[in-house]
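Next come the chains, spelled out residue by residue.
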Amino acid sequence: MYKCYKLILIPLMILSASCKDDPQPIGNGTQQESPKKENGIVTKVVVDSLPNIGLLVFDGVLTTEVTASMDVFAKLSKDGKQLFNVFTVAESKEPFRSEEGLAMIPDFTYDTTPELDVLFVPSGNDMHGQVNNPKTLDFIRAQNAHTEYTVSNCAGAQLIGASGIAKGKRIVTYIGGGRELQETYPDLKVQDDLATNFVWGLFDY
């Protein structure tokens, strides 16, 4: 099993809204929107004025690649204000399980997700099903047309490669996975995974 701590960034432009230094909730007096219920199920509230961060999820996704990202971006500012809309997106609303067994119900499907400012593509130990899923690849391509950042972690680079959005761009994956990534997607500029932790696709050289 490989260790997942490689990050791939393929931004189209610089995201205008950013996290404040050390954002912390202030007691219970936060300014986050209250959740709503539909048919007894809590639904995600999307604030129109905030940037949308979508976390792609699927059967076998690595739990912490989703939960850690959500933990970071869902933090409030020092004065208790919500900074981003953060939600999970999957092919359907059917419950699924992560690699470690955590049951998840996505907030949105590919067809219902709001337009994203940031799309985060995590990984799993077996990406075969996802890289051969045309609906997932179409979703990545469609969202990448207007995201400010399209981000992948670890073996999520396989999905980025399969989607074609990184053609001619520098990219990196988990340690030991670079050769396979380059052979599978020869149009990518795969970086040395032993020497490179992340890349910014905005600068292609």
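Being a predicted model, the structure only gives us computed values, none of them experimental.

A. Summary view of the overall build of the protein. Of regular secondary structure, the protein possesses five helices and 13 strands. Burial analysis of the protein (205 residues in total) assigns 49% to the buried set. Across the protein, the fraction of contacts at a sequence separation of at least 24, relative to all contacts at a separation of at least 6, is 69%. Of the roughly 10,900 Å² of accessible surface on the protein, 51% is carried by carbon and sulfur atoms.

B. Representation of the pairing of strand E10 (residues 149-153) in the model. E10 sits mainly inside the fold: five of its five residues count as buried. With burial as the criterion, each face of E10 is covered, one bearing Tyr-149, Val-151 and Asn-153 and the other bearing Thr-150 and Ser-152. Here four bridges tie strand E9 (residues 118-121) to E10, and the two strands are oriented parallel to one another. Directly across from Leu-119, in E10, lies its bridge partner Thr-150.

C. Spatial organisation of the environment of Gln-182. Within the secondary structure, Gln-182 sits in helix H5 (residues 178-184). Assessed through its relative accessible area of 26%, Gln-182 is described here as partly exposed. Sequence separation between Gln-182 and Gln-158 is 24 residues, and the spatial gap between their C-alpha atoms is 9.9 Å. In this view, Gln-182 contacts Leu-188, Lys-189 and Val-190; residues no more than four positions away in its chain are not counted. At a separation of 2.8 Å, a polar atom in the side chain of Gln-182 contacts the main-chain carbonyl oxygen of Leu-188.

D. Geometry of the nonpolar core. Membership of the largest hydrophobic core comes to 42 residues, with the highest contact counts inside it found for Leu-56, Leu-159 and Ile-171. Elements with a contribution of two residues or more to this core: strand E4 (52-56), strand E5 (85-90), E9, helix H3 (134-144), E10 and helix H4 (156-163). In this structure Leu-159 touches Leu-56, Phe-58, Val-121, Met-127, Gln-130, Val-131, Thr-136, Leu-137 and Ile-140, once residues within four positions along its chain are discounted.

E. How the structure looks around the confidence of the model for the protein. Summarising the model, the protein shows a mean pLDDT of 80, and 75% of its residues fall at 70 or more. Low confidence marks residues 1-30, where pLDDT is under 50. Its contacts with residues over four positions away, or in another chain, come to 96 contacts.

F. Examining the pattern of salt bridges more closely. Tallied over the entire structure, the rule returns three salt bridges. Salt-bridge contacts for Asp-71 lead to Lys-75; the nearest nitrogen and oxygen are separated by 2.6 Å. The class of Asp-71 is partly exposed, set by a relative accessible area of 45%. For Lys-75, a relative accessible area of 25% corresponds to the partly exposed category. Residues Glu-91 and Lys-135 are paired through a salt bridge, measuring 3.9 Å at the closest nitrogen-oxygen approach. Here Glu-91 is found in the loop between E5 and strand E6 (96-97), whereas its partner Lys-135 is found in helix H3, with 44 residues between them in sequence.

G. Focus on the packing of aromatic side chains. Within this structure, the stated rule accounts for three aromatic pairs. For the ring pair Phe-73 and Phe-84, a centre distance of 5.6 Å and an interplane angle of 85° mean the geometry is edge-to-face. Of this pair, Phe-73 sits in helix H1 (residues 63-73) while Phe-84 sits in the loop between H1 and E5; the two residues are 11 residues apart in sequence, bridging distant segments of the chain. We classify Phe-73 as partly exposed; its relative accessible area is 30%. Judged by centre distance (4.6 Å) and plane angle (15°), the ring pair of Tyr-110 and Phe-139 falls under stacked. You can see Tyr-110 sitting in the loop between strand E8 (108-109) and E9 and its partner Phe-139 sitting in helix H3, a full 29 residues away along the chain. The residues Tyr-110 and Phe-139 share a single accessibility class, namely buried.

Reading guide: rules and limits
Residues numbered from 1 in each chain as written. Predicted model: local features only at pLDDT ≥ 70, side-chain atom pairs only at ≥ 80, totals over all residues. Heavy atoms only, no water. Helix = DSSP H or I, 4+ residues; strand = E, 2+ residues; numbered from the N terminus. Buried < 20%, exposed > 50% of the residue type's maximum accessible area, 1.4 Å probe, protein only. Contact = heavy atoms within 4.5 Å. Areas by Shrake-Rupley, 256 points an atom, 1.4 Å probe, with all protein chains shown as cover. Pairing = 2+ DSSP bridges. Polar contact = N/O pair within 3.5 Å; in protein donor to acceptor, adjacent residues only side chain to side chain. Core = buried A, V, L, I, M, F, W, Y, C linked by side-chain atoms within 4.5 Å. pLDDT = per-residue confidence, 0-100. Salt bridge = Lys/Arg side-chain N within 4 Å of Asp/Glu carboxyl O. Phe/Tyr/Trp six-rings, centres within 6.5 Å; stacked < 30°, edge-to-face > 60°.

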